[in-house]
Amino acid sequence: MAAFLSRDATIASPGWSRWLIPPAALSIHLAIGQAYAWSVFKTPLAATMLAGNPNSGVLTALPFQLAIIMLGLSAALFGTRVDANGPRWAMVVATACFVAGFLISALGCYTGQYWLVVLGYGFVGGIGLGVGYISPVSTLIKWFPDRPGLSTGIAIMGFGGGALIASPLTSQLLAAFGGTGKGATAAGVGQTFLVLGLIYAVFMSAGWLLIRVPADGWRPAGWTPPTEGVLAGRFDVSARNAIRTPQFWLLWVVLCFNVTAGIGILERAAPIYADFFPNAASPAALAAAAAGFVAMLSLANALGRILWSTTSDLVGRKNMYRFYLGVGALLYLVLTLIGNGSKVLFLICAILILSFYGAGFATAPAYLRDLFGTYQVGAIHGRLLTAWSVAGVLGPLIVNAIADAQIAAKVAGPARYTPSFIIMIVLLALGFVANELIKPVADRFHEERATSTPTGATA
Amino acid sequence: MTTQDKQASTMIIGVIAWLWVLIPFGYGLYELVIKIPALFGS
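1. Thoughts on the overall build of chain A
At step 1: Scanning chain A for helices and strands turns up 18 helices and zero strands.
At step 2: By the compact-globule yardstick of 23 Å for 459 residues, chain A fits well, its C-alpha radius of gyration being 22 Å.
At step 3: In terms of principal-axis extent, the alpha carbons of chain A reach across some 65 × 50 × 35 Å.
At step 4: When each of the 459 residues of chain A is scored for burial, the buried share is 55%.
At step 5: Nonlocal contacts in chain A, meaning residues at least 24 apart in sequence, comprise 84% of its contacts between residues at least 6 apart.

2. Structural notes on the packing of helix 4 (residues 56-85) of chain A against helix 16 (residues 377-384) of chain A
All names here are of chain A.
At step 1: For the pair helix 4 and helix 16, interaxial distance at closest approach is 7 Å and the crossing angle is 175°. Between helix 4 and helix 16, the interaxial angle falls into the category roughly antiparallel. Within the contact between the two elements, helix 4 uses Ala 75, Ala 76, Phe 78, Gly 79, Thr 80, Val 82 and Asp 83 and helix 16 uses Gly 378, Ala 379, His 381, Gly 382 and Arg 383.
At step 2: Class assignment of the residues belonging to the contact of helix 4 with helix 16 gives a composition of five nonpolar, five polar and two charged.

3. Concerning unusual backbone geometry
All names here are of chain A.
At step 1: Even without a glycine there, the phi angle at Lys 410 is positive, about 65°.
At step 2: Looking at the element boundaries, Lys 410 is found in the loop between helix 17 (386-408) and helix 18 (418-436).
At step 3: Judged by the 7 C-beta atoms lying within 10 Å of it, Lys 410 falls in the exposed class.

4. A word on the interface of chain A and chain B
Interfaces are often described in size by the accessible area the parts lose on coming together.
At step 1: Counting residues at the interface gives 27 residues for chain A, matched by 22 residues for chain B.
At step 2: Secondary-structure elements contributing two or more residues to the side of chain A that touches chain B are helix 2 (21-32), helix 8 (148-177), helix 9 (186-210) and helix 13 (283-315) of chain A.
At step 3: If you tally residues by element for the side of chain A that touches chain B, the top one is helix 13 of chain A, at eleven residues.
At step 4: Tallied by class, residues from the side of chain A that touches chain B come to 21 nonpolar, six polar and no charged.

5. Let's talk about the packing of helix 8 of chain A against helix 15 (residues 343-372) of chain A
All names here are of chain A.
At step 1: Relative orientation of the contacting elements helix 8 and helix 15 amounts to 145°, with a least axis distance of 8 Å. For the pair helix 8 and helix 15, the sense of crossing is right-handed. From helix 8, Pro 148, Gly 149, Thr 152, Gly 153, Ile 156, Met 157 and Gly 160 reach across to helix 15, where they touch Gly 358, Phe 361, Ala 362, Thr 363, Pro 365, Ala 366 and Arg 369.
At step 2: In terms of residue class, the contact of helix 8 with helix 15 is made up of seven nonpolar, six polar and one charged.

6. Brief notes about helix 3 (residues 39-47) of chain A
At step 1: Listed in full, the buried residues belonging to helix 3 of chain A are A:Phe41, A:Pro44, A:Leu45 and A:Ala47. Buried residues in helix 3 of chain A, looked at end-on, bunch into an arc of 165°, giving them a common side.

Rules used throughout
Residues numbered from 1 in each chain as written. Chains lettered and ligands numbered in written order. Predicted model: local features only at pLDDT ≥ 70, side-chain atom pairs only at ≥ 80, totals over all residues. Helix = DSSP H or I, 4+ residues; strand = E, 2+ residues; numbered from the N terminus. Rg over C-alpha atoms; globule rule 2.2 N^0.38 Å. Buried ≥ 20, exposed ≤ 12 C-beta atoms within 10 Å, placed from the backbone. Contact = placed C-beta atoms within 7 Å. Axes fitted to C-alpha atoms, helices over the stretch in contact; angles between N-to-C directions. Parallel < 35°, antiparallel > 145°, perpendicular 65-115°, else oblique. Nonpolar A, V, L, I, M, F, W, Y, C, P; charged D, E, K, R; others polar. Left-handed = near helix turned anticlockwise from the far one by under 90°. Arc of directions from axis to C-beta.

Shown next, in the form of structure tokens:
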């Protein structure tokens, strides 16, 4: 079994198509992207296991928050091991942890022990998220040196798209097993966790069965590596050295603030829509419209990952982040100025902001490759994801705290969000400056240059 | 196994692998898109 999981066992035989690697990566990312659909569990858990508990709102958010924190921590802690042991090992570990998280949560529901749901989904499942998230990244970059933005964009779009699958699927399972509606039971919620865990165990297995690493020196047919400049990826920097460079921390700031700005809208999407456009034919129509707004943002989040990340292969990573951060700040400014004056303009701004949010994640691995080479890009990416953990706390904190204060001050309509949007503009401007300060990594951080020789290849 | 057989089996695996991920994604996309018209109905 250990041999099957080793990096050597995953070296592709001649003729193996690199186009089998994106579906392998998607099998993992579409599954772990379920995390974005956690909110579907909140009401059923509050209505069953936590019925009557005045803190049910905070408690039902705990598993998700812990999972996101564990995502960043485990990606940072296990990144080097993922690079050393190979993607199959990482995908098996990710599958085991992610699925175990669901099974432990199911057990918690059956036994009435809510702490097991927090431990299972948040802690154990969160480790699965972190290891799974970085597991295919360096492999994809090695298979697609000519199109790193496209390849990582596909996988990371999967993470954004995971919620699209999980959200309706979970709702349907909860309804089928009696976990929601009148007479909802904790056992019904537990059964939903159990069945989801089993579905994901099967679905994710395609990932670790299909994944392969290219043989040493492999390169796509007809592709010649660029010959000039550190940004062309000719130099390698270890994960240990990478975190000693200003470039890593500047990119950390860029990612952190870009994510924080996106979460500004994502976190309160439905209430924001209802506050901007409260005049609907009925409360039900308003709720349906707000749900449509959330759906549209989810789509923008997923599609932005592949669209803008692929564009980065053509115009360069630094230019793309200039675009995300600079145009993002301008869009927030437009939202602040127009208020609810134009629904179409409001939607266009929100869609673009969310597409930049997703794109910030998807373009980061290719940016890291440009700066630090492919040597330990998975481990470096893992360390960078701690920015996400911080932003995951920072973003909702800013928006919710300000919105609550504005509500208490009886401020209504778009003005309720003006202070939040101004903070987002400032954060994006700071991120823009940080991106401008990113220069090629100094020679003293480089490892000995790799001397690979090309072999036969298939594209 | 001849090279031709190998190419054919790689292609079959490729089709199944892409369907494996695209079918669930298509389901999710469909469930999402049907909610969007409500946004313009209010």
